[in-house]
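# Inside the fold
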Amino acid sequence: MPAFSVSSACSAPSASIVNCSRFLYTFGFQRSRIQPVVVVSTGVRLLSLKSSSNQIEAMAVTESISGSQLESSSTGSGIKQALISLSDKSDIAALGSGLQSLGFTIVSTGGTATSLENSGISVTKVEQLTSFPEMLDGRVKTLHPCIHGGILAKRDHKDHMDALEEHGIGTFDVVVVNLYPFYDKVTSTGGVLFDEGIENIDIGGPAMIRAAAKNHKDVLVVVDPQDYPSLLDYLKENQNDEQFRRKLAWKAFQHVAAYDSAVSEWLWKQTGGDEFPPSFTVPLRLRSSLRYGENPHQKAAFYADKSLAEFNSGGIATAVQHHGKEMSYNNFLDADAAWNCVSEFKDPTCVVVKHTNPCGVASRDDIIEAYRLAVKADPVSAFGGIVAFNVEVDEALAKDIREFRSPADGETRMFYEIVVAPSYSEKGLEVLCGKSKTLRILEAKKNDEGKLSLRQVGGGWLAQESDDFTPEDIQFKVVSEKCPTEKELGDAKFAWLCAKHVKSNAIAIAKNKCMLGMGSGQPNRLETWNDAVEEACKSGISVIAEPGGSIRDKDAVECCTKYGVSLVFTEVRHFRH
């Protein structure tokens, strides 16, 4: 009997097979090629895989195959085939009809095939090529030589094409695949059970995408519905643009890499492993190209972190911009600093930031009063800064932001780069938009606690837990002769929280829940601290809070005792570099 295709039975000439209800493949495996032989039978038989050194036996049953199925496979003789297998079926009808109008035979799987047929597009189902049914609850559909051989064969390699011809396998010119929605499943409300998560890990999809991307010289691979129009245009114009193919291949590998990173991150959490895994991948997605970086001569871009840990977890990266110019590199840094600081406070609070340092902070029941006090702390620095609120901006507050004059001269209307808040009333947003065409108005969600903080150094990254400590988490231990009053201790806690967001070495002075001044980035801690303690005591400061733990702690205690000032140790340090 002539050689019979291992993968599809597509080229078998014997009509006797058609009339049998069952048939058996017996394969004799040699070093370099497969020589299949068909043994016709009417019952269930044994599939024997013979090698030169051993014999592997397994039971296999297949349904009868019609003559039309045996002749359906393309054999590389000029028939154009497109393989489509999609979870996200956006614009599938336009894609299918476009390919069909260009003369492509469309091969598809399961639900994708049904969607295409419902749109009036003729489809060849994968099992018609493989002559093998979908099995293992859908785990095995496309993992077959009839599929991967048709994708991976190099068209300019004669031995590859001869092998396809010999085994009756057709080539694929286009592969359009996207993956099971693993990310959406595991981040859904309430999460998923472990077994459900496992079943949403795609196997056949990544295999097809990687195969097509590897062989992109001969196969166009598409993973994003937004690329359908450019794909169809490319095919219509019969283009031969190598860079277009490479870009699609890059996108395909990136798609699979991001998918795998989500699976890896999720599985690591399921193991109950350490917060710092031996290795991990951070999937970043381009959100916008920026005009320039920290300085005009530096190019820059802004990326969103698509890690599972960052899903719906707040922060400036997920803020909605309602109005104004596009955000710059420094805008993102300053807005992030302002938002992180104002989110720390429970009472209605306003924070003004310049160059990532808070230059004004105030908390009041009346948010308009808090806003004015925050600006008053340093109106010169506040001009051109970022203003952040932890409560909704309503019409009254918006009008005050728009019209408030600088306390420095009482005339100049205050100018800001950005206003950021958790929400805006409809009228408040309308009023604020009228302040300036360029004013950036951001709506943000508070950062979740417990995030992993990453920071780049040359050749590597530093990872640490986020600094989530608040005054309620620590003890303010009195070490001086004088004890602070309850009100004084409240001011110390407020100042401590402000200093947390000031570049080290940091000093913050506050009274009545209002930061009156601060000193940031002091490199000489010894002289700065000694001078600050002495000057503070002389200037009427009533209480000083510091971490403690220094060999010079005794000097600070003696100085405060000398001037009748309360000194408390927090035993918690807030360095910010």
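Conventions adopted
Residues numbered from 1 in each chain as written. Predicted model: local features only at pLDDT ≥ 70, side-chain atom pairs only at ≥ 80, totals over all residues. Heavy atoms only, no water. Axes fitted to C-alpha atoms, helices over the stretch in contact; angles between N-to-C directions. Helix = DSSP H or I, 4+ residues; strand = E, 2+ residues; numbered from the N terminus. Parallel < 35°, antiparallel > 145°, perpendicular 65-115°, else oblique. Contact = heavy atoms within 4.5 Å. Nonpolar A, V, L, I, M, F, W, Y, C, P; charged D, E, K, R; others polar. Pairing = 2+ DSSP bridges. Salt bridge = Lys/Arg side-chain N within 4 Å of Asp/Glu carboxyl O. Buried < 20%, exposed > 50% of the residue type's maximum accessible area, 1.4 Å probe, protein only. Right-handed = clockwise from strand over helix to strand, strands pointing away.

With that settled, consider the packing of helix α5 (residues 145–152) against helix α9 (residues 204–214). For any two helices packed against each other, the geometry is given by the interaxial angle and the distance between the axes. Closest axis-to-axis distance for the α5/α9 pair is 8 Å, and the angle between their directions is 25°. Viewed along their axes, α5 and α9 adopt a mutual orientation that is roughly parallel. On α9, the residues that touch Ile-147, His-148, Ile-151 and Leu-152 of α5 are Ala-207, Met-208, Ala-211, Ala-212 and Lys-214. In terms of residue class, the contact of α5 with α9 is built from seven nonpolar, one polar and one charged.

An order of β7-β6-β5-β8-β9 is seen for the five strands of this open sheet, with the pairing classed as parallel. A strand with exactly one partner marks an edge of an open sheet, and here the two such strands are β7 (124–125) and β9 (220–222). Note that strand β8 (residues 174–177) and β9 share three bridges and pair parallel. Within the sheet, the bridge partner assigned to Val-176 lies in β9 and is Val-222.

The next point concerns the pattern of salt bridges. Within the structure shown, the criterion is met by 22 salt bridges. In this structure, Asp-400 and Arg-372 form a salt bridge, with 2.6 Å as the shortest nitrogen-oxygen distance. Remark: Arg-372 occurs in helix α13 (residues 367–377) and Asp-400 occurs in helix α15 (residues 395–403); sequence separation between them is 28 residues. For Arg-372, a relative accessible area of 40% gives the class partly exposed. Connected via shared salt-bridge partners are Arg-402, Glu-403, Arg-405 and Arg-413.

The next thing to look at is the pairing of strand β15 (residues 385–389). Counting buried residues along β15, five of its five residues qualify, which places the element largely inside the surrounding structure. Across four bridges, strand β13 (residues 349–354) lies against β15 in antiparallel orientation. In the strand pairing of β15, Cys-350 is matched with Phe-389. As judged from the four bridges shared by β15 and strand β16 (residues 416–421), these two strands associate in the parallel manner. When the bridges of β16 are listed, Ile-386 appears paired with Ile-418. The parallel pair β15 and β16 is bridged by α15, and the resulting crossover is right-handed.

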